[in-house]
Amino acid sequence: MVSYKTTDVEISLDKPITIVRRMPSKVNKILDCFKTTRGSERRTSIDLEKKLATWMKSYNKAIKILLLGAGESGKTTIIKQMKILHFQGFTDSERMEKAREIRGNILECIILITKQMSRLGIEIKNKQNIQSFDYLWSIDLEQDFVFTPEFFIHVKKVWDDPGTQESYDKGPSYQLPDCAKYFLDRVSQVADPDYVPSNEDILHSRKTSTDIQKIEFQMKVPKKYGSGFQNFWMFDVGGQRGERRKWIQVFDGIHTILFLVACNIYDQFLPEDPTVNRLQESINLFKDVWSSRFLQESGFIIFLNKQDLLKKKIESGVSIGNYFPDYYKHTTNLLPNSAKNPENNNNEYMRTRSFIRDLFWVKLLIFVQIILKYVRVLHCCCNQKKI
């Protein structure tokens, strides 16, 4: 018999050839590690599948509401209201974060108001305040700013200047945030190092949404509808033109669109396109959302927001007819809860909000033959009692 041996293979010439692999001990150890790893990965996979199944069960049971609307229509304020109503409100750390956000709102607003004075041909009325104006104009908004007592002293002097007030009155011409007067009137309070924002302060605070936010909450179901509790998932996305490309990411599985409209913006124009009226932009945007093939099965609610600011604007003498001439020939169809009062026929505020409502209604009647998904809601989302 002739045979040959190597470390890995044995060959015998008088027997059928057999090949025997002798694995080095290091290789065996490595293979054992792989076996352990595969077992661990399997257990992890099973755990993930269980968690996914639990999440999908919760996902399928929850009513999903998507907040949509143009920029600064009040979507994020609705999310804040839900947090106040259905949770314990805001934690101490969250309130501290909001305090800095509010101080940032003050800085942004006072700089914007005073910078517009030269464009509007408005002079500083009290020459003793020139130093305070110069101080504010020297601030670089691109850098992190430390809010010192000196800053708030200068803001107070500048805000009290009649020239600043005149520039504020022309705010709609340069997109002044709605929160400007609310916080600038409270500068001394916000300047306190121990300042803790109230719920109302937080509701008025402003921060541009650049991501997708979600809040989950429960509501008790009345007995006549079966009792128990219903889960809700509410999503908020940015409303500026540059953020709308993200909307499609959350369209899947949405039951209801809550479309918000800021009713006080009929005399304002888009920062992105000064030729486009902001209220008209909301109407156009709603038509686009309504016709989306991804939302054919979704219900729609139109939330005509900022009624308090609408009323103040009308009382100041700014008529919607200057921007929407059809208002003057509009046949008033008052809202159901106000139709009983004949005096409302001559009420400019009631006529204006009825007209804004019908702007959306008429556009939809032209756009589709049957309106089945349209619901009207009139509120101010900063009003905790009405919410």
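Overview of the structure. Predicted model, so just to flag it, every value in this text is computed and none were measured.

1. Side note on the overall build of the protein chain
And then number 1: Across its full length, the protein chain carries 12 helices and eight strands.
And then number 2: Relative to its 387 residues, the protein chain shows a buried fraction of 42%.
And then number 3: When contacts within the protein chain are restricted to residue pairs at least 6 apart in sequence, those whose partners lie at least 24 apart make up 71%.
And then number 4: In the structure as shown, the protein chain presents an accessible area of about 22900 Å², 54% of it carried by carbon and sulfur atoms.

2. Comments concerning the packing of aromatic side chains
And then number 1: Tallied over the entire structure, the rule returns 18 aromatic pairs.
And then number 2: Measuring from ring centre to ring centre gives 5.2 Å for Phe145 and Phe151, while their planes differ by 65°; the resulting arrangement is edge-to-face.
And then number 3: What makes Phe145 buried here is its relative accessible area of 16%.
And then number 4: Plain terms: the ring middles of Tyr327 and Tyr328 are 5.8 Å apart, the flat faces sit at 65° to each other, and that makes the pair edge-to-face.
And then number 5: With a relative accessible area of 2%, Tyr327 lands in the buried category.
And then number 6: Aromatic ring contacts, followed pair by pair, group Phe259, Phe286, Trp290, Phe300 and Phe360 into a single cluster.
And then number 7: Its guanidinium or amino end placed over the ring of Trp233, Lys64 lies 5.9 Å from that ring's centre, counting from NZ or CZ.
And then number 8: We note Lys214 situated over the ring of Trp233; from NZ or CZ to the ring centre the distance is 4.1 Å.

3. Remarks on the nonpolar core
And then number 1: Leu68, Ile257, Phe259, Leu279, Val289, Ile320 and Phe360 are the most contacted members of the largest nonpolar core, which has 38 residues in total.
And then number 2: Only β3 (63–69), β5 (229–236), β6 (256–262), α10 (278–290), β7 (299–305), α11 (307–315) and α12 (348–367) provide two or more residues apiece to this core.
And then number 3: Setting aside its immediate chain neighbours within four residues, Ile320 contacts Tyr266, Leu279, Tyr327, Thr352, Phe355 and Ile356.
And then number 4: Core analysis: the next-biggest nonpolar cluster, separate from the first, contains 32 residues, Ile113, Phe152, Val155 and Val190 among them.

4. Things to note about the side chain of Asn277
And then number 1: By the element assignment, Asn277 lies in the loop between β6 and α10.
And then number 2: There is a polar contact of 2.8 Å between the side chain of Asn277 and the backbone nitrogen of Leu279.
And then number 3: Within the structure, Asn277 has its side chain in polar contact with the backbone nitrogen of Gln280 (distance 3.2 Å).
And then number 4: Ignoring any residue separated from it by four or fewer positions in sequence, one finds Asn277 in contact with Ile265, Tyr266, Gln268, Phe269, Tyr323 and Phe324.

5. Comments concerning the pairing of β5
And then number 1: Pairing geometry for β3 and β5, over five bridges, is parallel. Across the sheet, Ile65 pairs through a bridge with Met234, a residue of β5.
And then number 2: Sheet analysis places strand β4 (residues 213–220) next to β5, joined by eight bridges and oriented antiparallel. Considered in β5, the bridge of Phe217 is made with Phe232.

6. As for the side chain of Lys64
And then number 1: Within the secondary structure, Lys64 is located in strand β3.
And then number 2: Exposure remark for Lys64: the relative accessible area of 3% places this residue in the buried category.
And then number 3: Reaching out from Lys64, the side chain makes a polar contact with the backbone oxygen of Ala62 at a distance of 3.0 Å.
And then number 4: Apart from the residues lying within four places of it in its own chain, the contact partners of Lys64 are Tyr59, Trp233, Phe235, Gly253, Ile254, His255 and Thr256.

7. Things to note about helix α4 (residues 130–137)
And then number 1: Those residues of α4 that sit buried are Ser132, Phe133, Tyr135 and Leu136. Within α4, the buried residues cover an arc of 160° as seen down the axis, which keeps them to one side.
And then number 2: In this structure, the buried side of α4 is in contact with α3 (92–120), α5 (149–160) and α6 (162–169).

Rules behind the numbers
The residue numbering used here restarts from 1 in each chain and proceeds along that chain's sequence as written. Where local features are concerned, this predicted model is filtered to residues with pLDDT of at least 70; where side-chain atom pairs are given and counted, the filter is 80 or more; whole-chain, interface and lining totals use all residues. Hydrogens are left out, water is left out, and the side-chain values use all remaining heavy atoms of the structure. Secondary structure counts use DSSP, requiring at least four H or I residues in a row for a helix and at least two E residues in a row for a strand, with both numbered from the N terminus. A 1.4 Å probe rolled over the protein chains alone gives each residue an accessible area, and that area as a share of the maximum for its type sets the label: buried under 20%, exposed over 50%, partly exposed in between. Contact between two residues is taken to exist if any of their heavy atoms lie within 4.5 Å; hydrogens are not considered. Each accessible area value is a Shrake-Rupley result obtained with a 1.4 Å probe; residue values ignore everything except the protein chains displayed when judging cover. Pairing of aromatic rings covers Phe, Tyr and Trp, the last counted by its six-membered ring, and requires centre-to-centre distances within 6.5 Å; plane angles under 30 degrees mean stacked, over 60 mean edge-to-face, and any other angle means tilted. Remark: a charge is flagged as sitting over a ring if the NZ atom of Lys or the CZ atom of Arg is within 6 Å of the ring centre and within 35 degrees of the ring normal. In plain words, nonpolar cores are sets of buried Ala, Val, Leu, Ile, Met, Phe, Trp, Tyr and Cys residues tied together by side-chain atoms within 4.5 Å. Polar contacts, as used here, are pairs of N or O atoms within 3.5 Å; protein pairs need one atom able to donate a hydrogen and one able to accept it. Residues neighboring in sequence count only if both atoms are side-chain atoms. Only strands that DSSP links by at least two bridges are regarded as paired with each other. An arc is given here, and it is the one of the directions from the helix axis to the C-beta atoms.

Read these as spatial facts, not as claims about activity.
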